[in-house]
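Fold and geometry: a report
So the chains spell out like this:
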Amino acid sequence: MKAIGIDLGTTSVCGAVIDVNTGEVLKSRTESSNAFVCSDKAYEKIQDPKKIICLALEILNSLIDGEVASIGVTGQMHGIVYFDKEGAAVSPLYTWQDGRGNELYKNTTYAKHLGSFSGYGNVTDFYNRENGLVPKTAVGYCTIHDYLVMKLCGLKRPIIHSSDAASLGLYDITKNVFNYPFSDEITTDYRIAGTYKGIRVSVAIGDNQASVFSTLKDENDLLINVGTGSQVSIISDKVVSGENLETRPYFENKFLIVGAALCGGRAYSMLKNFYKEVLCFTKDFSDEKIYEIMGKMIEKAKSTTLSVDTRFAGTRKNPALCGSIRNITTENFNCGELTRATLCGMSTELYDLYSEMGQRRSGLVASGNGIRKNPYFVKILSEKFGAQVKIPTHLEEAAVGAALFSLISAGIFKNEAEAKRCIRYS
């Protein structure tokens, strides 16, 4: 028996088939969605939902083979797409990167006026309502993965899991209600939304929760995920407050405490692009070749006195914050130390977020391409956190998490503990 998980990422769509008995990924497929739409507004980051849904359906159909018990869906959180009374998309997908919430509004910004963050769905909706941008035929909005579940199950309105609802902002996670006009059904349960080709489909869940679900086997560990952005996450029985922290709904009446670094792995990629620009004056170099060269730079520079603050994209609280390079001397201003210092800066940002949580964890799990493709960063993280890094054997963390969630929703597994027996580390 098998289960399928679909993850609608910011730049790609991933599908994974797992073995119900072992949790092994039997087959997977990831394709670039190429869904971004050009805009004449600098703050606007939008995508074509039809492109995303068509690709997701094509990938899902290619993976359905033999006995499939259930389908789970997850994807990029915070963003929204408007739909009409027939359940059809009538707007672009306003992604989590959209910056309209940082535009000026009544001597502040739209996001600050609501006490939320730019890129969060309800802030985006508020801006659109205030500026007459909501489509006339729209009757509601949801995340792109909620929308995929609507299409799979033939629904005209979504059933939104609390893990997704909270990502829209202005959500009371203890009462599971919005502090903003919102009419669609919210559930906190493992739940089946409908069927696709006779296969049970669970409600969509947030990609952060899905990734934690498939990678954090022991709740006494903490999880670091590094991709374009990066997060440090722990599971908690209580809400934790902090200037740079967010408490999100998890499963089985627990909470997920998250500290997000907006730049994350992008900081290392920025440095790669800097080197690439220099090198391409003489010869073309691929990204892979430059990353290889950067690894050799780090090996040469065993330590550094440079200090790099990698908050190049600001923070949720302070989007205007800039990164910096400090302690530059005639001896340490070289490529090797700059490269090492950038990774150290990335690890320090994550460690500071973890420290703000005020809850110690004994182990460290790490996932994402920024981890798997950078053994130097793994070593620096291990040194910073004082723990050996455990890396899940499966690559498709969010998709696998969605598949496991669907198996509980379908009654194949009894609870989270039973599902997590499938998790393996390398």
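Heads up: the structure comes first, above all this text.
Residues numbered from 1 in each chain as written. Predicted model: local features only at pLDDT ≥ 70, side-chain atom pairs only at ≥ 80, totals over all residues. Heavy atoms only, no water.

Some words on the overall build of the protein
Regarding its fold elements, the protein presents 13 helices and 26 strands. A globule of 426 residues ought to have a C-alpha radius of gyration of about 22 Å, and the protein, at 21 Å, matches this closely. Overall, the C-alpha framework of the protein stretches about 65 × 55 × 45 Å when taken along its three principal axes. Within the protein, the proportion of its 426 residues that are buried is 56%. Expressed as a percentage of contacts within the protein between residues at least 6 apart in sequence, the contacts between residues at least 24 apart total 67%. Put simply, the protein shows about 18,500 Å² of open surface, and 49% of that area lies on carbon and sulfur atoms. A distance of 1 Å separates the average location of the 48 positive side-chain charges in the protein from that of its 47 negative side-chain charges. (Helix = DSSP H or I, 4+ residues; strand = E, 2+ residues; numbered from the N terminus. Rg over C-alpha atoms; globule rule 2.2 N^0.38 Å. Buried < 20%, exposed > 50% of the residue type's maximum accessible area, 1.4 Å probe, protein only. Contact = heavy atoms within 4.5 Å. Areas by Shrake-Rupley, 256 points an atom, 1.4 Å probe, with all protein chains shown as cover. Lys, Arg positive; Asp, Glu negative; His and termini not counted. Charge placed at Lys NZ, Arg CZ, Asp CG, Glu CD.)

A look at unusual backbone geometry
A positive phi angle is found at Lys197, which is not glycine, with a value near 55°. Relative to the helices and strands, Lys197 is located in the loop between strand S16 (192–196) and strand S17 (199–202).

Re the sheet that holds strand S21 (residues 245–249)
Taking strand neighbours across the sheet as the criterion, the six strands line up as S21-S22-S20-S19-S25-S26 in an open arrangement whose pairing is mixed. Only two strands of the sheet have a single neighbouring strand rather than two, namely S21 and strand S26 (389–390). As judged from the seven bridges shared by strand S20 (residues 230–236) and strand S22 (residues 255–261), these two strands associate in the antiparallel manner. Bridge pairing links Ser233 to Val258 in S22. The sheet contacts of helix H11 (residues 375–385) involve strand S19 (221–226), strand S25 (363–367) and S26, and relative to S19 the element is tilted by about 145°. (Pairing = 2+ DSSP bridges. Axes fitted to C-alpha atoms, helices over the stretch in contact; angles between N-to-C directions.)

As for H11
Each α-helix turn comprises 3.6 residues. Residues three or four places apart therefore point the same way. Along H11, the residues that are buried comprise Phe377, Val378, Ile380, Leu381 and Phe385. The arc that holds every buried residue of H11, seen down its axis, measures 165°, which confines them to one face. Summarising the geometry of H11, the exposed residues directed more than 90 degrees from the buried face are Pro375, Lys379 and Glu383. Residues of H11 that are buried in the fold lie against S19, helix H9 (335–357), S25, helix H10 (369–372) and S26. Following H11 by one or two positions, Gly386 has its phi on the positive side, about 65°. (Arc of directions from axis to C-beta.)

Some points on the sheet that holds strand S5 (residues 46–47)
On the basis of which strands lie adjacent, the open sheet formed by three strands has the order S4-S5-S8 and antiparallel pairing. Whereas interior strands pair on both sides, the edge strands pair on one side only; in this sheet they are strand S4 (36–37) and strand S8 (93–94).

Some remarks on the packing of aromatic side chains
One pass over the structure, following the stated rule, counts 21 aromatic pairs. Summarising the aromatic geometry, the rings of Tyr105 and Phe126 are spaced 5.4 Å apart at their centres and angled 80° between planes, so their arrangement reads as edge-to-face. Here Tyr105, found in strand S9 (residues 104–105), pairs with Phe126, found in helix H3 (residues 121–130); they are 21 residues apart in sequence, far enough to count as distant. Pair check on accessibility: Tyr105 and Phe126 agree, each one buried. (Phe/Tyr/Trp six-rings, centres within 6.5 Å; stacked < 30°, edge-to-face > 60°.)

A short note on the environment of Ser12
Tracing the backbone shows Ser12 in strand S2 (residues 12–19). With a relative accessible area of 21%, Ser12 lands in the partly exposed category. Counting along the chain gives 251 residues from Ser12 to Cys263, while the straight-line C-alpha distance between them is 19 Å. When sequence neighbours within four positions are dropped, the list of residues in contact with Ser12 reads Asp7, Thr30, Glu31, Ser32 and Ser33.

Points about the packing of helix H7 (residues 266–279) against helix H8 (residues 287–300)
As a packed pair, H7 and H8 sit with axes 10 Å apart at the nearest point and diverge in direction by 105°. Classified by the angle between their axes, H7 and H8 sit roughly perpendicular to one another. Along the contact surface, H7 presents Tyr268, Ser269, Leu271, Lys272, Tyr275, Lys276 and Leu279, while H8 presents Asp287, Ile290, Tyr291, Ile293, Met294, Met297 and Ile298. (Parallel < 35°, antiparallel > 145°, perpendicular 65-115°, else oblique.)

Topic: the pairing of strand S6 (residues 68–75)
By the criterion of burial, S6 is predominantly enclosed, with eight of the eight residues buried. When strand S1 (residues 2–8) meets S6, the two strands line up parallel, connected through seven bridges. Bridging across to S6, Lys2 finds its partner in Val68. Sheet topology note: the S6/S17 ladder contains two bridges and is parallel.

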